[in-house]
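One letter stands for each residue in the lines below.
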Amino acid sequence: LLANFFGLTTSVKDVNVLLEREMSEGISSPSRDNDSTLLNMGNNSSILDDNTKSDSGLPEGRSKSSGLCFSDGKSRIDYILVYRKSSSQSEKREIFERNMRAEGLQMEKEASITNSDVLFLKIHAPWDVLCRYAELMNIRMPFRRKIFYMHRRHKFMSRMEKRINKFRGWLPRKPMKFDSETLPDLEEKESFTAPFSRSRIHHFIIHNKDSFFNNATRSRIVHHILQRVKYEEGKNKMGLNRLLSNSSYEAAFPLHEGSYHSKNSIRTHGAENHRHLLYECWAWWGVWYKYQPLDLIRRYFGEKIGLYFAWLGWYTGMLFPAALVGLLVFLYGLFTLEHCQVSKEICQATDVIMCPICDQYCPYLRLSDSCIYAKVTHLFDNGATVFFAVFMAVWATVFLEFWKRRRAVLAYDWDLIDWEEEEDEIRPQFEAKYSKKERMNPISGKPEPYQDFTDKYSRLIVSASGIFFMILVVIAAVFGIVIYRVITVSTFAAFGWALIRNNSQVATTGTAVCINFCMIMLLNVLYEKVALLLTNLEQPRTESEWENSFTLKMFLFQFVNLNSSTFYIAFFLGRFTGRPGAYLRLINRWKLEECHPSGCLIDLCLQMGIIMVLKQTWNNFMELGYPLIQNWWTRRRLRREHGEKAKASFPQWERDYNLQPMNAYGLFDEYLEMILQFGFTTIFVAAFPLAPLLALLNNVIEIRLDAYKFVTQWRRPLPSQAKDIGIWYGILEGIGILSVITNAFVIAVTSDFIPRLVYAYKYGPCAGQGRAGEGVVNISHQLKGLSDSADHRQGRAPYPNQCFPLVYCKYRDYREPPDSAEPYAYTLQFWHVLAARLAFIIVFEHMVFSIKTLIAYLIPDLPKDLRDRMRREKYLIQEMMYEAELERLQKEKNEKKNKDRVQNKEWP
């Protein structure tokens, strides 16, 4: 009988599983999807007894007042639709609601307490409707419990395990895990699951019909029905989304399961509902160091949101080793600061005069004035930087490969291995545009609107042109920042405040970064509108195609917008300034900005540090602060209109309606923020080793911010299924490849690692001896690449406050002195350094890509124990099918014997 139960899946644990034989007494264990698993935390007794529950699965007396049921106190509210009496779409709503009743849904209307124009339509799905559509949707439900067993181990291993467990008993319990004795039943019961079937309903574990389908599943079924109900005569005049878009309904959402806070402690009185349990175990700031209860998140919000938080938690956990190594690299630079030969020589170079960095007001400076900046540069650019760049490239690969394994475990645990996304509905805009042209759908065999080849690709070309134009806008914005830096450095050099005047270049960089951040935020608003316009111009056929196209555009826009200035500082700042007497000028007027005498890396560090801190702070404020302010303002208005205690008497649908809706793009903003942070953490990490640490600190806060927002500030989003993170995984892989290239160029071009190496082994005191010595560096032509300049002979004299005699000034480059046979020609050391840089880039990239490819090959996508469980599951299925067939044959044989016996008795 069980032969048709194909595709059975189980949840994964650290032990092998054995199918529990079905007891002859017919006793079954509770369902893993049972909503009545909220326990009394003090004595482990259920606060929701199956024998005393009402039909709604809630205690009597609380059902009606809590606003989770119809006025009869029994029919659970599975979905809420909100509309206004003044809306002009009443005819469509009437037809829609009439067709909903024809599908078997029950409805009840109730006016809003706070707004007489607003009406709430409460929807309840009876048991037979849930069963019918659960079968149509192939929803997997539990039908057999499992028991667990451990591998048989050698006696020696068993004794060792006993001693280790005894030793662990003396240690404190793991602080990051929830105590199962204090908060029991955080993990759901393990069961075999199978697609629901009404003909085999007796095989499923059903203790209570109203709690067999949990709230998330009930809401998903109702939403599935509403998407297929017609509101008007016509081929495609159906679906709730269309009614929301034409303002027939104002809002549609499933209800939260009551309040998220309680006067009583969860540890003494138990959780009042799953929302309360989620708040105490996940969204409350006091549990910031705890692991996330992913099963609870999935049960309440659905698999799609559960996968996002699983990915975010995995990413945050993987940041720990990256942050630790980055911090060690920084500390290594700090502890070796006194032994750094470069900073020593810069600090002692009191007789080396540097050329002015701008045309007006900028004074001649001693090289020793850059002593502090040289020391700060050493903190980030030291001997461990190359190792850290290789480590981060490997880390990105390990992170992605192990996430694939983690995702496979979650997909297996959450019954998503065999889940396939349903064929998306055609977008109404696509249907309206191409309704005249039709062709047969090869999957459904039904006629559908068709977009011809020329129209499709002409729209794609226009969209690509728009993307290219917006990238040019970003480049123009960067050009504006460059002009600001060129002009402002002279202004700060003449500033009245001595601190600003003496640090004019750093002040210019800092203010330019802040202005750049403001431009980034403003352009992001513009880019969202442009991406929306271009995506709609392409006319994607389905919602998933629209979402992927919009995601790719928004990521491309924001990535270029966020990193364009960083790329300029890393690879272009100070590279094309020319030389004294032949400076390259911007619009033939302004001299291009030069790097600081201590190097360009200090500018890159400032850029990354300021942008990363400001952007993460702004994102956190917009994610939580903005909804908090809006909800506070709503509560304030309600208190003013209805009194201080009015909100406590509001039903649940009224309270949820006054919360903020989830943004229109779903989890897009959350993923985009983290993906951009991942890019910042990996792409220029060689210049800023503390980036993983800043990302880790932000993500620890981000997890609880998002949790608090989902549980307390937003309406409950529709639970939906997904088996991976979609297009974002491909973007992560692309960032990982780009990070290898950029870090190779940062080390070779931006930092002074290669010039130091060339000097040490070719031009230093120990050159030719196979080791790098610490001889005195010839600052003019060697390590720092400073060449002489007769700039003062061109009519510019030293400023009055400079009393030292000036013959030559120096600048960063590898050129011959002005009195040589070939003035200002590149020296041989320049070509040696250039060749070494190119060789390093090629060797570094090939080595790191080889390591990444090897690691990706060695790490399988499926863990071995998971593969074994899947194979064992297939074996168990075959056993179950064999037993079912034997049982059927035995039953037929017994029936035949009984029939023959009856016939023999009747023989005269």
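For the structure itself, consult the block above.
Described below are features of the structure shown in this document.

Scoring rules and cut-offs
- Residues numbered from 1 in each chain as written.
- Predicted model: local features only at pLDDT ≥ 70, side-chain atom pairs only at ≥ 80, totals over all residues.
- Heavy atoms only, no water.
- Axes fitted to C-alpha atoms, helices over the stretch in contact; angles between N-to-C directions.
- Helix = DSSP H or I, 4+ residues; strand = E, 2+ residues; numbered from the N terminus.
- Parallel < 35°, antiparallel > 145°, perpendicular 65-115°, else oblique.
- Contact = heavy atoms within 4.5 Å.
- Nonpolar A, V, L, I, M, F, W, Y, C, P; charged D, E, K, R; others polar.
- Buried < 20%, exposed > 50% of the residue type's maximum accessible area, 1.4 Å probe, protein only.
- 1 Å grid on protein atoms, 1.4 Å probe; cavity = no way out; pocket = protein on both sides within 12 Å on 5 of 7 lines; lining within 4 Å.
- Points joined across faces, edges and corners; volume = space filled by probe spheres on them.
- Disulfide = S-S within 2.5 Å.
- Expected span 1.5 Å × (residues − 1).
- Arc of directions from axis to C-beta.
- Pairing = 2+ DSSP bridges.
- Phe/Tyr/Trp six-rings, centres within 6.5 Å; stacked < 30°, edge-to-face > 60°.
- Lys NZ or Arg CZ within 6 Å of the ring centre and 35° of its normal.
- Patch = residues over 30% accessible without salt bridge, like charges linked within 9 Å, V, L, I, M, F, W, Y side chains within 5 Å.
- Areas by Shrake-Rupley, 256 points an atom, 1.4 Å probe, with all protein chains shown as cover.
- Salt bridge = Lys/Arg side-chain N within 4 Å of Asp/Glu carboxyl O.

All right, on to the packing of helix α3 (residues 127-136) against helix α6 (residues 215-226) then. Where α3 meets α6, the axes come as close as 10 Å, and the angle between the chain directions of the two elements is 75 degrees. Put simply, α3 runs roughly perpendicular to α6. The segment α3 lies against α6, with V129, L130, Y133 and A134 engaging R218, I221, H224 and I225. Of the residues contributing to the contact of α3 with α6, the split by class is six nonpolar, one polar and one charged.

With respect to the element layout, E733 can be found in helix α24 (residues 727-750). On the basis of relative accessible area, E733 is assigned to the partly exposed category, the value being 35%.

Here the focus is empty space enclosed by the protein. If a probe the size of a water molecule is rolled over the atoms, the empty space left behind becomes visible. All chains considered together, the criterion is met by six cavities of 30 Å³ or more. Of the volumes computed, that of the second largest cavity is approximately 110 Å³. Along the walls of the second largest cavity sit L562, I611, M612, K615, Q616, N619, E673, L676, Q677 and F680, which together make up its complete lining. Where the lining of the second largest cavity is concerned, the elements lending two or more residues are α20 (601-642) and α22 (668-683). It is α20 that contributes the most residues to the lining of the second largest cavity, five residues altogether. Taken together, the residues of the lining of the second largest cavity break down into five nonpolar, three polar and two charged.

Per the counting criterion, the structure on display carries one disulfide. Between C347 and C371 runs a disulfide, and the two sulfur atoms are separated by 1.8 Å. With the S-S dihedral at roughly 80 degrees, the linkage between C347 and C371 falls on the right-handed side. Linking C347 in helix α12 (residues 341-348) with C371 in helix α13 (residues 371-380), this pair joins segments that are 24 residues apart in sequence. Residue classification places C347 among the partly exposed residues on the basis of a relative accessible area of 22%. The exposure class of C371 is buried, given its relative accessible area of 16%. The thiol of C514 is not disulfide-bonded; the next cysteine sulfur, from C518, is found 7.2 Å away. According to the relative accessible area criterion, C514 is partly exposed, its value standing at 36%.

A few words now on helix α2 (residues 90-102). Over its 13 residues, α2 extends 18 Å from the first C-alpha to the last, a length consistent with the 18 Å expected when each residue adds 1.5 Å. Of all the positions in α2, only R93, F96, E97 and M100 are classed as buried. Down the axis of α2, the buried side of the element spans an arc of 95 degrees, and every buried residue falls inside it. Away from the buried face of α2 by more than 90 degrees, exposed residues E91, R98 and A102 are located. Immediately beyond the C-terminal end of α2, within one or two residues, lies G104, with a positive phi of roughly 100 degrees.

Glancing now at the pairing of strand β3 (residues 106-111). Here β3 pairs with strand β4 (residues 118-124) via six bridges, running antiparallel. The residue of β4 that forms the bridge with M107 is I123. Between the end of β3 and the start of β4, which pair antiparallel, lie six residues.

It is worth spelling out the sheet that holds β4 at this point. One open sheet accounts for four strands, arranged β3-β4-β2-β7; its pairing is antiparallel. Here the strands that pair on one side only, and so sit at the sheet edges, are β3 and β7 (251-253). Between one strand and the next, the sheet's axes are offset by a mean angle of 20 degrees, whatever the strand orientation. Bridge analysis of strand β2 (residues 79-84) against β4 gives six bridges, and the strand direction is antiparallel.

This brings us to the packing of aromatic side chains. Scanning all chains against the criterion turns up 48 aromatic pairs. Between Y308 and F309, the aromatic rings sit 5.0 Å apart at their centres with planes inclined by 70 degrees, giving edge-to-face as the arrangement. In terms of burial, Y308 and F309 fall into one category: buried. Seen from the ring of Y300, R716 lies directly overhead, with NZ or CZ sitting 3.9 Å from the centre.

What follows deals with unusual backbone geometry. The phi dihedral of S247 falls on the positive side, at around 65 degrees, and the residue is not glycine. Among the structural elements, S247 can be located in the loop between α7 (240-245) and β7. Phi at Y824 takes a positive value of approximately 65 degrees, unusual for a residue other than glycine. Tracing the sequence through the fold places Y824 in the loop between β17 (809-812) and α26 (828-858). With a relative accessible area of 11%, Y824 lands in the buried category.

A few words now on a nonpolar patch on the surface. On the surface, W618, F621, M622, Y626, I629, W632 and W633 cluster together into a nonpolar patch covering about 740 Å² of accessible area. For Y626, the location among the structural elements is in helix α20. Using a relative accessible area of 43% as the deciding quantity, one classes Y626 as partly exposed.

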